[in-house]
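Structural overview
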Amino acid sequence: MSDQDYREFDPNETDNDISDEVIEEVTGKKDSSKDEKKDKKTTEFCYICHRPDNITGPLIKMAPGMSVCTECMQRTFDSMGGFGFGGGDNSKSNMDMSKMPNISFLNLGSLFNDGPKIKNAHGTAKAADEKDRPAPAIDINNIIPPHKIKEKLDEYVVGQDYAKKVMSVAVYNHYKRVATGTMDDIEIEKSNMLMLGPTGSGKTYLVRTLARLLDVPLAITDATSLTEAGYIGDDIESVVSKLLAAAGNDVERCQQGIIFIDEIDKLAKKKNTNQRDVSGESVQQGMLKLLEGADVEVPIGASSKNAMVPTTTINTRNILFICGGAFPAMDEIIKSRLNKHSSMGFMADLKDKYDNDKNILQKVTVEDLREFGMIPEFIGRLPIVFATEMLDEDMLVRILKEPKNAIIKQYQKLLELDEVKLEFDEGALHAIAKKALDKKLGARGLRSIIEEFMLDIMYEIPKDENIGQVIITEDYIEKKGGPKILLRTTGLIPEKAAAN
């Protein structure tokens, strides 16, 4: 080591300015305490993009508790150069920095011999600017067949047999398409879906259950917040950004995920308006490239793009899009089309023939969707169109007690933790279903109704340790009486006491 490099120091000094290599060269021994500190190092996150250091690489310490990754710092320097702090072409800047070196030349990624990273399918770090990201091969022999997908859906979703069958086949064909890739000259088109159905019929629950069974990332977004780029609201690309976040910033998993866009009927063209439709037809047009397949630049770890947030490119070619909506007033459009065939005479159809048809949405056609306000290009990129069934009283009763995570089973589990047994009479279940039908909220109304009647029970039970069993009766639901309460006999639930 030369005289210029030498300076006095204490071998036990912990100053960060003296590197481990210098200490080791002078003393001839390696500091084992630093190795122990490295082993105990905890994960740190970038203050700006919130990514961990095992993805971004080493972080730059800015202040106590504040660290920034190299890419965010590089973007900061680049943006400062754009405002005239770096000389360059900013001759009109109020600050003359022309004699200072342009700070935009700094490449902080090379400073650590490491660039910004994102995770690949194997969980290891991968350079963000790497162009070739081959999608992982999907074994076509391990794709779940449609009948098994439907069997799994049956365990969680009551009824909706036709909708479950359509979704099972569409998903199966989609992932066969992903698995085959470009095996031959025949290119299989995407199986994007458009699902119609009244509120509370289980549209979102179907998609969420399907994604959980397939073990693929799922992003659920609301179309009402989407606007054309440049206006207040979420950009169209934000739906892909949410999927990337759901995939843990794993690009390859994201490119094989599912995006569910709810309230899609709110994007219908506004009728009789002279203003620009920035949240309706414009959003439909902007979504065309996403539905068909395109490269989209999305931010990593944030919901919007700006100079301080790193971005990556996502290809939506293998992302399955499912759109859903209640489509209010669509039944009137369908009835109008069906009644056009009626005429005068003995063979004419009655005008009110379809008034009592609860599942009239299942007769929807492309012409009806165009009449509603969906543009033809948008409909053409959603080739599979189907509708869910209207829930009746019997289906609501089954929803209350049959699924694996049925509402009644959830309350029984809650009371079981207090060693109290909860039961519902069959008449009580039908009374709850009738109240839900009156509210016209579908399955969503069941929870609110049960919450109303279970409030006092959940409040009083922890007070009295002698309560062993509660039976919810029809009279209690109809507010004609109270629930049946059985006390413990020997300090246990009656059922357990009998067993002993």
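None of the values given here were measured: they were computed from a predicted structure.

**A closer look at the overall build of the protein**
Scanning the protein from terminus to terminus reveals 21 helices and 14 strands. Expressed as a percentage of the 500 residues in the protein, the buried residues total 40%. The contacts of the protein with a sequence gap of at least 6 include a subset with a gap of at least 24, amounting to 65%. When the accessible surface of the protein is summed, it comes to about 28600 Å², and 50% of that surface belongs to carbon and sulfur atoms.

**Some points on the pattern of salt bridges**
Here the structure, examined in full by the defined rule, presents 19 salt bridges. Each of K150, D154, D161 and K164 takes part in one network of salt bridges that share partners.

**Remarks on the packing of aromatic side chains**
Scanning all chains against the criterion turns up two aromatic pairs. Judged by centre distance (5.1 Å) and plane angle (55 degrees), the ring pair of F327 and F372 falls under tilted. Of this pair, F327 sits in the loop between β10 (320-325) and α13 (330-339) while F372 is found in helix α14 (residues 366-372), placing the two residues 45 residues apart along the sequence. In this structure, F327 and F372 share a single accessibility class: buried. With centroids separated by 5.6 Å and ring planes inclined at 70 degrees, the aromatic side chains of F453 and Y476 adopt a geometry described as edge-to-face. Of this pair, F453 sits in helix α19 (residues 444-460) while Y476 sits in helix α20 (residues 474-477), and the two are 23 residues apart along the sequence. Of the residues examined, F453 reaches a relative accessible area of 7% and is grouped as buried. By relative accessible area, which is 12% here, Y476 ends up buried.

**Remarks on the packing of helix α6 (residues 146-156) against helix α7 (residues 161-180)**
The N-to-C vectors of α6 and α7 enclose an angle of 135 degrees; their axes lie 8 Å apart at closest approach. The angle between α6 and α7 places the two elements in the oblique class. Note on packing geometry: the crossing formed by α6 with α7 is right-handed. On the side of α6, the interface is formed by P146, I149, K150, L153 and D154, while α7 contributes D161, K164, S168, V169, V171 and Y172. Split by residue class, the contact of α6 with α7 holds six nonpolar, one polar and four charged.

**So, the packing of helix α18 (residues 426-439) against α19**
The contact between α18 and α19 brings their axes to 9 Å, and the two run at 125 degrees. Between α18 and α19, the angle falls in the class oblique. Every pair of crossing elements has a handedness; the one defined by α18 and α19 is right-handed. Along the contact surface, α18 presents I432, A433, K435, A436 and K439, while α19 presents G445, L446, S448, I449, I450 and F453. Its residues assigned to classes, the contact of α18 with α19 comprises seven nonpolar, two polar and two charged.

**Let's talk about unusual backbone geometry**
Located in the positive-phi region is D215, a residue other than glycine, with phi close to 55 degrees. Position of D215 among the secondary structure elements: in the loop between α8 (203-214) and β6 (218-222). Among the residues examined, D215 registers a relative accessible area of 58% and is labelled exposed. The backbone of E419 shows a phi angle near 60 degrees, a positive value even though the residue is not glycine. The partly exposed category is assigned to E419, whose relative accessible area is 42%.

**Thoughts on the sheet that holds β10**
The five strands are arranged β6-β7-β10-β5-β11 in an open sheet whose pairing can be described as parallel. Of all the strands in the sheet, the pair left with one neighbour each is β6 and β11 (384-387). The mean angle between the axes of side-by-side strands here comes to 20 degrees, regardless of whether they run parallel or antiparallel. Of the strand pairs in this sheet, β6 and strand β7 (residues 258-262) are connected by five bridges, and their pairing is parallel. The residue bridging T221 from the neighbouring strand is I261, located in β7. Taken strand by strand, helix α9 (residues 238-246) contacts β6 and β7, and its axis lies near 145 degrees from that of β6.

**Details of the nonpolar core**
Membership of the largest hydrophobic core comes to 46 residues, with the highest contact counts inside it found for I259, I264, F327, M330, L369, M374 and F378. Beyond its immediate chain neighbours, meaning those up to four positions away, M330 contacts L196, L361, V364, D368, L369 and F372. Within the second largest apolar cluster, 32 residues are counted, among which are L400, L429, F453 and Y476.

Calculation notes
Residues numbered from 1 in each chain as written. Predicted model: local features only at pLDDT ≥ 70, side-chain atom pairs only at ≥ 80, totals over all residues. Heavy atoms only, no water. Helix = DSSP H or I, 4+ residues; strand = E, 2+ residues; numbered from the N terminus. Buried < 20%, exposed > 50% of the residue type's maximum accessible area, 1.4 Å probe, protein only. Contact = heavy atoms within 4.5 Å. Areas by Shrake-Rupley, 256 points an atom, 1.4 Å probe, with all protein chains shown as cover. Salt bridge = Lys/Arg side-chain N within 4 Å of Asp/Glu carboxyl O. Phe/Tyr/Trp six-rings, centres within 6.5 Å; stacked < 30°, edge-to-face > 60°. Axes fitted to C-alpha atoms, helices over the stretch in contact; angles between N-to-C directions. Parallel < 35°, antiparallel > 145°, perpendicular 65-115°, else oblique. Left-handed = near helix turned anticlockwise from the far one by under 90°. Nonpolar A, V, L, I, M, F, W, Y, C, P; charged D, E, K, R; others polar. Pairing = 2+ DSSP bridges. Core = buried A, V, L, I, M, F, W, Y, C linked by side-chain atoms within 4.5 Å.

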